[in-house]
Amino acid sequence: MTIGNSVTSIGGKAFESCKSLKSITIPNSVKSIGDNAFKDCSLLDVVTIGNSVTTIGKYAFYHCSINSIYCHATTPPAIADENAFMGKFDIYDVIYDATLYVPCESLSDYQIHDVWGLLSCQCIQEDENIESSVENIYSQSPMTHHHKTIHNGQLLIICDDKTYNVKGVAVE
């Protein structure tokens, strides 16, 4: 689901317990995400956060099954509490399963953040940088029959009936 560009904030409990929501793209127009906004969206797998979000409320993505978060904000948004992205948990420990993808120039800021740093943080590159990286891979590679495609926001290379991500790792 993609939220419209006219939206400037996502209110508390706006999508709470929306069991059919699998992905959400929050546009650059949104500045804040309210408390419990996506709480208990049990199928929510991929979250894309625009570059203008500055605050994320308590339990905003609590009890979701998020695997990937793409946050385009160069300054890590303030998070009301460490439970904002809590997915699965057991009696003794909170387990943060999601991978956080952030702008390369901001990676260290996210890694040292009290809450964002609990997630596995990785650098994302802008599409034009990815395109040039792929061209470099092609020029240095023996791959002869290949083509590029974008799937779920990720640039993939398909060569000899195998699919690879930009880092050259085989994708199933």
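Residues numbered from 1 in each chain as written. Predicted model: local features only at pLDDT ≥ 70, side-chain atom pairs only at ≥ 80, totals over all residues. Heavy atoms only, no water.

Moving on, we get to the overall build of the protein chain. Counting its regular elements, the protein chain contains 2 helices and 15 strands. Relative to its 172 residues, the protein chain shows a buried fraction of 38%. Long-range pairs, those at least 24 residues apart, make up 32% of the contacts in the protein chain between residues at least 6 apart in sequence. Of the roughly 9,700 Å² of accessible surface on the protein chain, 49% is carried by carbon and sulfur atoms. (Helix = DSSP H or I, 4+ residues; strand = E, 2+ residues; numbered from the N terminus. Buried < 20%, exposed > 50% of the residue type's maximum accessible area, 1.4 Å probe, protein only. Contact = heavy atoms within 4.5 Å. Areas by Shrake-Rupley, 256 points an atom, 1.4 Å probe, with all protein chains shown as cover.)

Working note: non-glycine residues mostly have negative phi, and peptide bonds are mostly trans. A positive phi is found at Asn36, a non-glycine position, where the angle reads about 60°. With respect to the helices, strands and loops of the structure, Asn36 is situated in the loop between strand E3 (32-33) and strand E4 (46-49). The exposure class assigned to Asn36 is buried, which follows from its relative accessible area of 14%.

This part is about the pairing of strand E6 (residues 68-71). Burial of the side chains of E6 extends over both faces: Ser68 and Tyr70 are buried on one face and Ile69 and Cys71 on the other. Summarising the sheet, E4 and E6 pair through 4 bridges and their orientation is parallel. If you follow Val47 over to E6, its bridge partner there is Ile69. Bridging between E6 and strand E10 (residues 99-103) involves 3 bridges; their strand directions are parallel. When the sheet's bridge partners are listed, Ile69 is paired in E10 with Leu100. (Pairing = 2+ DSSP bridges.)

For the protein chain, per-residue confidence averages 78 on the pLDDT scale, and residues scoring 70 or more make up 67% of the total. Confidence scores differ between elements of the protein chain, with helix H2 (residues 127-139) showing the lowest mean pLDDT of 43 and E3 the highest of 97. For residues 90-94, every residue scores under 50 in pLDDT, and the model assigns this stretch 4 contacts once sequence neighbours within four places are set aside. Counting interchain partners and residues more than four positions distant, the pLDDT-below-50 stretch residues 128-144 has 21 contacts. (pLDDT = per-residue confidence, 0-100.)

Turning our eyes to something else, we now look at the sheet that holds E4. Spatial strand order, E2-E4-E6-E10-E11: 5 strands in an open sheet with parallel pairing. Each of the sheet's edge strands pairs with one partner strand only, and the pair in question is strand E2 (23-26) and strand E11 (120-124). With strand direction ignored, the average angle separating the axes of adjacent strands in the sheet is 15°. (Axes fitted to C-alpha atoms, helices over the stretch in contact; angles between N-to-C directions.)

A word on the sheet that holds E3. Strand order in this open sheet of 4 strands is E1-E3-E5-E7, and the pairing throughout is parallel. Across the chains shown, the open sheet's two edge strands, defined by having one partner strand only, are strand E1 (9-10) and strand E7 (78-79). Sheet analysis places strand E5 (residues 55-56) next to E7, joined by 2 bridges and oriented parallel. Bridge pairing in E7 links Thr55 to Ala78.

Here we take up the packing of aromatic side chains. Counted under the stated rule, the structure contains 7 aromatic pairs. On the basis of an interplanar angle of 5° and a centroid distance of 5.0 Å, the ring pair of Phe15 and Phe38 is categorised as stacked. Of this pair, Phe15 sits in the loop between E1 and E2 while Phe38 sits in the loop between E3 and E4; the two residues are 23 residues apart in sequence, bridging distant segments of the chain. Judged on exposure class, the residue Phe15 and its partner Phe38 are both buried. Ring centres of Tyr70 and Tyr101 lie 4.7 Å apart, and the angle between their planes is 15°; on these two criteria the pair is classed as stacked. Remark: Tyr101 occurs in strand E10 and Tyr70 occurs in strand E6; sequence separation between them is 31 residues. The same class applies to Tyr70 and to Tyr101, which are both buried. Ring-pair connections join several aromatic residues into one group, and the members of that group are Phe15, Phe38, Phe61, Phe85, Tyr110 and Trp116. Looking at Lys39, its charged tip hangs above the ring of Tyr59, at a distance of 5.9 Å from the centre. (Phe/Tyr/Trp six-rings, centres within 6.5 Å; stacked < 30°, edge-to-face > 60°. Lys NZ or Arg CZ within 6 Å of the ring centre and 35° of its normal.)

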